[in-house]
Amino acid sequence: MTIELPDARGRLRTYEPRTEPLAPAAGASFTSRTVFSAAHVVADPYADTTPDSPAAVDWDATLAFRRHLWSHGLGVAEAMDTAQRGMGLDWAGAAELIRRSAAEAKAVGGRIACGVGTDQITAGTLDQVRAAYEEQLALVEESGAQAILMASRALAAAARSPEDYLEVYGHLLRQCAEPVILHWLGPMFDPALEGYWGSSDLDAATDIFLEVIAAHPDKIDGIKVSLLDAGREVALRRRLPEGVRCYTGDDFHYPELIAGDDQGFSHALLGIFDPLGPLAAEAVRVLDTGNTDGFRALLDPTVELSRHLFQAPTRFYKTGVVFLAWLAGHQSHFAMVGGLQSARSLPHLARAYELADGLGLFPDPKLAEDRMRTLLHLYGATP
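Now for a look at the structure at hand. In this text the structure is predicted, and so the values were computed from the model without any measurement.

**Considerations on the overall build of the protein**
Part 1: From N to C terminus, the protein includes 14 helices and ten strands.
Part 2: In terms of overall size, the protein behaves like a compact globule, its C-alpha atoms giving a radius of gyration of 20 Å where 383 residues would be expected to give roughly 21 Å.
Part 3: Based on the C-alpha atoms only, the size of the protein along its principal axes is roughly 60 × 50 × 45 Å.
Part 4: Counting every position in the protein, which comprises 383 residues, the buried fraction comes to 57%.
Part 5: Within the protein, contacts between residues at least 6 apart in sequence are counted, and of these 71% link residues at least 24 apart.
Part 6: Counting every atom, the protein has about 15,200 Å² of accessible surface; 50% of that belongs to carbon and sulfur.

So this is what it looks like as structure tokens:
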């Protein structure tokens, strides 16, 4: 059986779906790397909402997906940009997500870290930014989860100098009960974060970022870097204080960054490890044995799919992630909070299906094929 898929020029091409998945087995957590998957949320397709309404979440399906990730030994990075923070999921929804996921993690013994931001406010003074961060930090710590201090749009708007970043982050880190992960999200993921750390010059911004870390190394478990620049990440991780980890957020170069070199390696906190979860877990288990070549052999072929999903405008990668979750049978529909299922074109989604199917990511290839055919029919793209 073949399927006709539209290409970027609107022409149909013939593709023959595979018949057998890779089907990696579930297993325990890893020994050589700490790995988080930034997980998506599943919308409630029956809710009567608009793109501007508060998000309506299918909690059962959302938590089931997290159990899927935990079953493969992956940690869950909760309420991050993959969960549509600031793009459909407001703070009230994120707070409920954190509470529910942290309780589920405790029940099943899964590792979880949760995003702490300032999305209760769209703008404000530095005092208001600090207060917003503190409210979210308190909730995450009360839930028993590790905190991830996310980059703040409100702080980017309010700060007038690098010293403002040093003051706000220093204030927060001094009161953290446990070591946190600092998250530097680049403007390719969120244009409102242009000039974060007080400069659009990345070298100058890196120096301020490192100054924050150097002042509070006992309060920082690690940093998550999402700049899509492998060379910059390697240079940054070599300058970290001893004991502070680098978690790659680079969805373009993750195999080489996780594999590392003779001077170190990156751990992982990645949105692409949502659709790649089982395969990524199998690769890291191979790496645990010291087999770097085997790790790369499994993970390198996935980069083409990741680069496709995260192509510009990068912030819309969530659409492809949720689309693949639907094709894989992790949810019963292709609807997203905020109506974001419309953010990618049919040719883009068709290519995502082809690449994911070629990797064997779908537990039931026939289900994925049938759902792809349904989408093509819905768009009128059938021969």
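Further notes follow.
**A short note on the state of the cysteines**
Part 1: One pass over the structure, following the stated rule, counts zero disulfides.
Part 2: No disulfide involves Cys114; its sulfur sits 14 Å from the nearest other cysteine sulfur, which is in Cys176.
Part 3: Of the cysteine sulfurs around Cys246, a residue in no disulfide, the closest is that of Cys176, at 19 Å.
Part 4: With a relative accessible area of 3%, Cys246 lands in the buried category.

**Observations regarding the pairing of strand β10 (residues 267–270)**
Part 1: Where burial is concerned, the two faces of β10 agree: the one with His267 and Leu269 and the one with Ala268 and Leu270 are both buried.
Part 2: With three bridges joining them, strand β3 (residues 35–38) and β10 adopt parallel strand pairing. In the strand pairing of β10, Val35 is matched with Ala268.
Part 3: By the bridge criterion, two bridges tie strand β9 (residues 245–248) to β10 in an arrangement that is parallel. If you follow Tyr247 over to β10, its bridge partner there is His267.
Part 4: One crossover worth recording links β9 to the parallel β10 by way of helix α8 (residues 254–259), and it is right-handed.

**Comments concerning the sheet that holds strand β5 (residues 112–116)**
Part 1: Overall, parallel pairing links the eight strands, which are arranged β3-β4-β5-β6-β7-β8-β9-β10 in a closed barrel. Averaged over all pairs of adjacent strands, the angle between strand axes in this sheet comes to 25°, irrespective of strand direction.
Part 2: As judged from the six bridges shared by strand β7 (residues 180–185) and strand β8 (residues 220–226), these two strands associate in the parallel manner. Residue pairing for β8: Leu182 is matched across the bridge by Ile223.

**A look at the environment of Ser53**
Part 1: Mapped onto the secondary structure, Ser53 falls in the loop between β3 and α1 (59–71).
Part 2: A C-alpha to C-alpha distance of 9.4 Å links Ser53 and Asp90, two positions 37 residues apart in sequence.
Part 3: A distance of 2.8 Å separates polar atoms of two side chains, one belonging to Ser53 and the other to Thr50.

Cut-off values and rules
Residues numbered from 1 in each chain as written. Predicted model: local features only at pLDDT ≥ 70, side-chain atom pairs only at ≥ 80, totals over all residues. Heavy atoms only, no water. Helix = DSSP H or I, 4+ residues; strand = E, 2+ residues; numbered from the N terminus. Rg over C-alpha atoms; globule rule 2.2 N^0.38 Å. Buried < 20%, exposed > 50% of the residue type's maximum accessible area, 1.4 Å probe, protein only. Contact = heavy atoms within 4.5 Å. Areas by Shrake-Rupley, 256 points an atom, 1.4 Å probe, with all protein chains shown as cover. Disulfide = S-S within 2.5 Å. Pairing = 2+ DSSP bridges. Right-handed = clockwise from strand over helix to strand, strands pointing away. Axes fitted to C-alpha atoms, helices over the stretch in contact; angles between N-to-C directions. Polar contact = N/O pair within 3.5 Å; in protein donor to acceptor, adjacent residues only side chain to side chain.

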